[in-house]
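# Working through the structure, step by step
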Amino acid sequence: MELETVKGSSINRGGRRFNCRFSLHVHLIEGLPSSLDDASLCVYWKRHDEVLVTPPAKVIQSVAEFEAMLTCTCSISGSRSGHHNSAKYEAKHFLLYASMVGAPELDLGKHRVDLTRLLPLTLEELEEEKSSGTWTTSFRLSGAAKGAAMNVS
């Protein structure tokens, strides 16, 4: 996952508001059961009414390759907290999950991700116009995809 501050900050009561762009690069889902071979999967990144979705990827030999980028821009509120000028951010929870095309009711597991956990430890770092960072991880799937992992950065 990549973070970029896209505009300068503005001051609101008790803190600052930043416009940030988060980009989620969905690489692949691996370790899928052979029963899902030939199925098509999509990855969803959802917050409230905003839903971002990858193009479908066909499962071949237990792997669905996406190499798709999903990008959202949102405002983040932050304030100084503690004696080291550390930042305290208002949480921004997103839901990340995979779904089989034509069978959205099939449970493959869902993950709640707070994007503010990816932000710098101080507001000064976030205030820099070109503030950015990269994060890579994998999410374990469950249900019909138990044992599989979704790899993202």
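Residues numbered from 1 in each chain as written. Predicted model: local features only at pLDDT ≥ 70, side-chain atom pairs only at ≥ 80, totals over all residues. Heavy atoms only, no water.

### Some words on the packing of aromatic side chains
Counting across every chain of the model gives 3 aromatic pairs. Ring geometry for Tyr44 against Tyr97: centres 5.1 Å apart, planes inclined by 10°, an arrangement best described as stacked. Of the two residues, Tyr44 is situated in strand S4 (residues 40–47) and Tyr97 in strand S9 (residues 93–100); the sequence distance between them amounts to 53 residues. Judged by relative accessible area, which is 14%, Tyr97 ranks as buried. (Phe/Tyr/Trp six-rings, centres within 6.5 Å; stacked < 30°, edge-to-face > 60°. Helix = DSSP H or I, 4+ residues; strand = E, 2+ residues; numbered from the N terminus. Buried < 20%, exposed > 50% of the residue type's maximum accessible area, 1.4 Å probe, protein only.)

### Observations regarding the nonpolar core
By size, the foremost hydrophobic cluster in this structure holds 39 residues, and its most contacted members are Phe22, Ile29, Leu32, Leu41, Trp45, Phe66 and Met150. Contributing elements (two or more residues each) for this core: strand S3 (15–30), S4, strand S6 (57–60), strand S7 (63–81), S9 and strand S13 (149–152). Per-element tally for this core: the top contributor is S7, with 7 residues. (Core = buried A, V, L, I, M, F, W, Y, C linked by side-chain atoms within 4.5 Å.)

### Regarding the pairing of S4
As judged from the 2 bridges shared by S4 and S6, these two strands associate in the antiparallel manner. From the neighbouring strand, Leu41 faces S6, where its bridge partner is Ala57. In this sheet, S9 lies alongside S4 in antiparallel orientation, the contact comprising 6 bridges. Across the sheet, the residue bridging to Tyr44 is Tyr97, located in S9. The pairing of S4 with strand S5 (residues 50–53) spans 4 bridges and is classified as antiparallel. Its bridge partner being in S5, Lys46 is matched across the sheet by Val51. Following S4, the chain reverses through 2 residues before pairing antiparallel with S5; His48 in that reversal takes a positive phi of roughly 50°. (Pairing = 2+ DSSP bridges.)

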